[in-house]
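For reference, the chains in residue letters:
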Amino acid sequence: MIELLVVIAIIAILAALLLPALGKAKQKAQGIGCMNNLKQLQLVWSMYSDDNRDKIVRSAGLDRLLENPADTRATLPNADWNNWVYGSMNSAPGNTNVGLLQAGLLYPYVKNVAVYKCPADRRTDRWNPPTSSTFAGKPTVRSMAMNCWMNPINVWGGGSLNLRVFRKQTDIIKPSPSKCWVLIDENPWSINDGWFVCDPTRTQQWTDVPATYHNAAGGLSFADSHAEIRKWRDVNILSARNYGVAKDPKSSDLPWLQERTTSPP
């Protein structure tokens, strides 16, 4: 009995030593998977422009939300509805419908629904409102959102903000392609449409909120086709339970993202 207790104690000690390392390894693997997904989407984003005379794929907010993959408004001549992805992650059962990904303008280039969601995103259709069974439902299909200044159907702020709107790849000159983000992992409490709004005129408030799935970090892809994991230090991001959260006055995260979002013409 004593020997058995000693063995159990040794196993417990080994588990205590190994589990944190295994947890970090899992987070690292998920971060690599996230960057791979972002790189694939970024690549097909560029391919779309190659096939459309340099034009960037359309993006849209809630004012052009399509929640039915068969919605005929997107297929009408000169339709001003279809964009890179359909649907809102706040709306069940649409937030679990892969058809909303497949109907978007980028899907024919990638043909893989898995790349639209970070491997570490555990949001399900029971997320809203969150309960003790939050993770027991059906997984939602998307965690990625697009920079709202990338060829929007309707410009954020109605065009009154005097900020650069990118319609073609050749428009991306300030910030430069290597410093202009296109896709981002959005916080599960913030994500709805396929748009991520970062408004450079709002210096004290996040409009939408980045995800922190990777040990307080999240993924972004850039117009030059690279992707990276950004460590966020804004305490209000780390504890966000909604969109529109205040900027942490001690953090430079919001200015960092704003500088890489758009610029004055």
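Residues numbered from 1 in each chain as written. Predicted model: local features only at pLDDT ≥ 70, side-chain atom pairs only at ≥ 80, totals over all residues. Heavy atoms only, no water.

Q: Sorry, what's going on with the overall build of the protein chain here?
A: Counting its secondary structure elements, the protein chain contains five helices and five strands. For the protein chain, with 265 residues in total, the buried portion stands at 47%. Partitioning the contacts of the protein chain with sequence separation of at least 6, the portion at a separation of at least 24 is 68%. A total of about 12900 Å² of accessible surface is found on the protein chain, and carbon and sulfur atoms cover 57% of it. (Helix = DSSP H or I, 4+ residues; strand = E, 2+ residues; numbered from the N terminus. Buried < 20%, exposed > 50% of the residue type's maximum accessible area, 1.4 Å probe, protein only. Contact = heavy atoms within 4.5 Å. Areas by Shrake-Rupley, 256 points an atom, 1.4 Å probe, with all protein chains shown as cover.)

Q: Got a minute to help me understand the pattern of salt bridges in this structure?
A: Oppositely charged side chains may form a pair once their charged atoms are brought near each other. According to the stated counting rule, one finds five salt bridges in the structure shown. For aspartate 80, the salt bridge identified is with arginine 58, shortest N-O distance 3.4 Å. Placement of the pair is aspartate 80 in the loop between α1 (2-51) and α2 (99-102) and arginine 58 in the loop between α1 and α2, with a sequence separation of 22 residues. Overall, arginine 58 belongs to the buried group, its relative accessible area being 16%. In this structure, arginine 73 engages aspartate 71 in a salt bridge whose closest nitrogen and oxygen atoms are separated by 2.7 Å. Look at arginine 73 and you get partly exposed, because its relative accessible area is 32%. In this structure aspartate 71 comes out as buried when scored by relative accessible area, which is 15%. (Salt bridge = Lys/Arg side-chain N within 4 Å of Asp/Glu carboxyl O.)

Q: I tried to follow the environment of alanine 211 on my own but got confused; where do I start?
A: Mapped onto the fold, alanine 211 is located in the loop between β3 (195-196) and β4 (217-222). It is 8.9 Å that separates the C-alpha atoms of alanine 211 and tryptophan 189, two residues lying 22 residues apart in sequence. Once residues within four sequence positions are removed from consideration, alanine 211 is found in contact with Asp185, Glu186, Asn187, Ala217, Gly218 and Trp232.

Q: I would appreciate a short explanation of the packing of aromatic side chains in the present structure.
A: Here a ring pair, both rings aromatic, is described through the centre-centre distance and the interplanar angle of the planes. Under the definition given, this model contains six aromatic pairs. A centroid spacing of 5.6 Å and a plane angle of 85° characterise the contact between tryptophan 181 and phenylalanine 196, whose relative ring orientation is edge-to-face. A residue pair is termed long-range when its members are at least 10 positions apart, and tryptophan 181 in strand β2 (residues 181-185) and phenylalanine 196 in strand β3 qualify at 15 residues. Taken as a pair, tryptophan 181 and phenylalanine 196 share a single burial class, namely buried. Geometrically, the ring pair formed by tryptophan 206 and tryptophan 232 is edge-to-face, given 6.2 Å between the ring centres and 90° between the ring planes. With tryptophan 206 in the loop between β3 and β4 and tryptophan 232 in the loop between β5 (227-231) and α4 (235-238), this residue pair connects regions lying 26 residues apart in the sequence. In this structure tryptophan 206 comes out as buried when scored by relative accessible area, which is 1%. (Phe/Tyr/Trp six-rings, centres within 6.5 Å; stacked < 30°, edge-to-face > 60°.)

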